[in-house]
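Per-entry structural report
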Amino acid sequence: MGSIVAEPFAFSFDRKSIALIVIDMQRDFAMPGGFGESLGNDVSRITAIVPAVRALIDAFRAAGLPVIHTMECHRPDLSDCPPAKLNRGTPSLRIGDKGPMGRILIAGEHGTAILDELAPMVGEIVIEKPGKGAFYATPLGEILKQMGIRQLVFAGVTTEVCVQTTMREANDRGYDCILAEDATESYFPEFKAATIAMIRAQGAIVGWTAPVSAIAEGLTHA
Ligand code: TIU
């Protein structure tokens, strides 16, 4: 068994049953002209965590442990995008509209792809998801069962939207979840801080949190 120095207390894991899930590190959330900016956000906060996310991915790859990537995206005909999502608010560009990086949040478009620095390696699982949570309308649950995964390390964006939603989905499905504090980011620093606090409150009611360095250290000794 391995152990990671974490809050609110040590996170125990078995190296045979732990995986990393990197949530939605896509151009659409990190680059000007994408979905994140269309919603009025400053996307430069997201690119700042790329080195930390890369360090965490490298630690899993070096340990020979699974790395799973997710992408929030929709089919070109938008048949998997409910009107409630498509028509929400007053973005400068809606899902499916043509932007400078291609159609917003559409599978296969340049802007929808994962950032080059964090691109999946051949053989790593990539989950395309139409919702904020990665379990909803995807094969993720079945894939994790087949792999025998019981503990999940989370990184990616945004902390309070797709990361937190997926952690809560996973927690309810019986996974022990830990969030890499410096490998996740929000457009709103106060939302990131609140999410980290609420995840680990009440004796890890949703899960644990720890910096990338502590997670990498735990993997090395497992
Ligand atoms: N807008 C926002 O904060 N996030 C999303 O729309 N998707 C993800 O978090 N990936």
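Note: the structure precedes this text.
The structure displayed is predicted, hence computed values, not measured ones.

1. Details of the packing of aromatic side chains
Aromatic rings considered in pairs are described by the distance between their centres and by the relative angle of their planes. Considering all chains together, one arrives at five aromatic pairs under this definition. Ring geometry for Phe135 versus Tyr175: centroids 6.1 Å apart, planes at 40°, classification tilted. Of this pair, Phe135 sits in the loop between β7 (125-129) and α6 (140-147) while Tyr175 sits in the loop between α7 (159-172) and β9 (176-185), and the two are 40 residues apart along the sequence. A ring pair is formed by Phe188 and Phe191, whose centres lie 4.8 Å apart and whose planes are at 40°; its orientation type is tilted. In this arrangement the basic side chain of Arg150 is found over the ring face of Tyr175, its NZ or CZ atom lying 5.1 Å from the centre.

2. Re the sheet that holds β9
The strands that make up a sheet pair up through hydrogen bonds in the backbone, lying either parallel or antiparallel. Here six strands make up an open sheet; going across it, the order is β7-β4-β3-β8-β9-β10 and the pairing parallel. The outermost strands of the open sheet, each flanked by one partner alone, are β7 and β10 (208-210). Mean inter-strand twist for the sheet, computed between neighbouring axes without regard to direction, equals 25°. In terms of strand pairing, strand β3 (residues 18-23) meets strand β4 (residues 67-72) through four bridges, oriented parallel. When the sheet's bridge partners are listed, Leu20 is paired in β4 with Val67. Across the sheet, helix α4 (residues 50-62) lies against β3, β4, β8 (151-157) and β9, angled at about 155° from β3, the strand it touches most. The strands touched by α6 are β3, β4, β7 and β8; relative to β7, the strand with the most contacts, the crossing angle is about 155°.

Cut-offs used in this document
Sequence order as written defines residue numbering, which begins from 1 separately in each chain. In keeping with the predicted nature of the model, local features appear solely for residues at pLDDT of at least 70, side-chain atom pairs appear and are counted solely at 80 or more, and the whole-chain, interface and lining totals rest on all residues. Side-chain measures were taken over the full set of non-hydrogen atoms in the model, leaving aside hydrogen atoms and water. Only centres within 6.5 Å qualify two rings of Phe, Tyr or Trp (six-membered ring in Trp) as a pair; their planes then separate them into stacked at under 30 degrees, edge-to-face at over 60, and tilted for everything else. Per the convention used, a helix needs a DSSP run of H or I reaching at least four residues, while a strand needs a run of E reaching at least two, with both numbered from the N terminus. Criterion for a charge above a ring: Arg CZ or Lys NZ at most 6 Å from the ring centre, at most 35 degrees from the ring normal. For two strands to be treated as a pair, DSSP must find no fewer than two bridges joining them. Note on method: axes are straight lines fitted to C-alpha atoms, helices fitted across the in-contact stretch only, with angles between N-to-C directions ranging 0 to 180 degrees. Any two residues having at least one pair of non-hydrogen atoms within 4.5 Å are treated as being in contact.

This is a description of form; function is not addressed.
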